[in-house]
Amino acid sequence: MARSVEAPSASVVPPREAATPPPQANPLREGLRHERMAEPCVMIICGATGDLTERKLAPALYNAFLGGFLPSEFTGVGFARRDWSDEEFREHLLGGINKYSRNKPVKPAIWESIASSIEYQRGDFKDPAAYDELAKRLERIDRDRGTAGNRLFYLAVPPSLYPEIVSHLDRAGLAASG
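On a predicted model such as this, the values are computed, not experimentally measured, just so you know.

### A closer look at the pattern of salt bridges
Stage number 1. Counting across every chain of the model gives eleven salt bridges.
Stage number 2. A salt bridge links Arg137 to Asp86, with the nearest nitrogen and oxygen atoms 3.7 Å apart. Placement of Arg137 in helix α4 (residues 128-145) and of Asp86 in helix α2 (residues 86-100) is noted, with a sequence separation of 51 residues between them.
Stage number 3. Exposure remark for Asp86: the relative accessible area of 24% places this residue in the partly exposed category.
Stage number 4. Between Asp142 and Arg151 there is a salt bridge, and its shortest N-O distance comes to 2.4 Å.
Stage number 5. Given the relative accessible area of 16%, Asp142 is considered buried.
Stage number 6. Put simply, Asp86, Glu119, Arg137, Arg140, Arg143 and Asp144 are held in one network by salt bridges that share partners.

### Observations concerning the sheet that holds strand β2 (residues 75-80)
Strand pairing within a sheet occurs via backbone hydrogen bonds; the two strands may be parallel or antiparallel.
Stage number 1. With parallel pairing, the four strands of this open sheet are ordered in space as β3-β2-β1-β4. Here the strands that pair on one side only, and so sit at the sheet edges, are β3 (118-122) and β4 (151-155). Neighbour to neighbour, the strand axes of the sheet diverge by 20° on average, direction disregarded.
Stage number 2. Sheet analysis places β2 next to β3, joined by five bridges and oriented parallel. In the sheet register, Gly76 faces β3, and the bridge partner there is Ile118.
Stage number 3. In this fold α2 packs onto β2 and β3, with an angle of close to 115° to the strand it touches most, β3.
Stage number 4. Sitting on the sheet, α4 touches β1 (42-46), β2, β3 and β4, and the angle it makes with β2 is about 170°.

### Comments concerning helix α1 (residues 51-66)
Stage number 1. Here α1 is 16 residues long and its end C-alpha atoms lie 22 Å apart, about the 22 Å a rise of 1.5 Å per residue gives.
Stage number 2. The axis of α1 is deflected most strongly, by about 35°, at Leu57, and proline Pro59 appears within four residues downstream.
Stage number 3. When we look at burial in α1, the residues that qualify are Thr53, Leu57, Ala58, Pro59, Tyr62, Asn63, Ala64 and Phe65.
Stage number 4. Backbone geometry just after α1 places Gly68 at a positive phi near 75°.

Reading the values: the criteria
- Residues numbered from 1 in each chain as written.
- Predicted model: local features only at pLDDT ≥ 70, side-chain atom pairs only at ≥ 80, totals over all residues.
- Heavy atoms only, no water.
- Salt bridge = Lys/Arg side-chain N within 4 Å of Asp/Glu carboxyl O.
- Helix = DSSP H or I, 4+ residues; strand = E, 2+ residues; numbered from the N terminus.
- Buried < 20%, exposed > 50% of the residue type's maximum accessible area, 1.4 Å probe, protein only.
- Pairing = 2+ DSSP bridges.
- Axes fitted to C-alpha atoms, helices over the stretch in contact; angles between N-to-C directions.
- Contact = heavy atoms within 4.5 Å.
- Expected span 1.5 Å × (residues − 1).
- Bend = angle between axes of the 7 residues up to and from the residue.

Rendered as structure tokens:
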């Protein structure tokens, strides 16, 4: 015997959805711009030819550019042992962005505007002269791009290398704050 299925009556009321209260304004943000922009600066990535830079840092920086969170004066400098040119380093970063970024593939016009702000300095982390060369490059960047000594050092290296790198940065006059 066939069962008949009755359609639900019009009097059936769907369950009420929980009402979400409207978001509260953050009193700590009062008077601040909604969007924050970093000051012109140089980000130096020690160990820049490694996996961390390719998989995480390059895509994150690209996405920050896309989102308008980095100023046009921002400059990225890779510092590592491989004997690469600026262009070879840029190609390495581009490959990482195209492979790992949530915003892949790279938009050619955006990449062209970013690529000129990426440089590479070859240097052995144990060689004090490498840090002197890095300091010269950073002085030129400060002069040419208006970064005024505002620098961020990202150590994409094993923690065992931190003390030596920081010591060499200090000796080369690159670890001063203020």
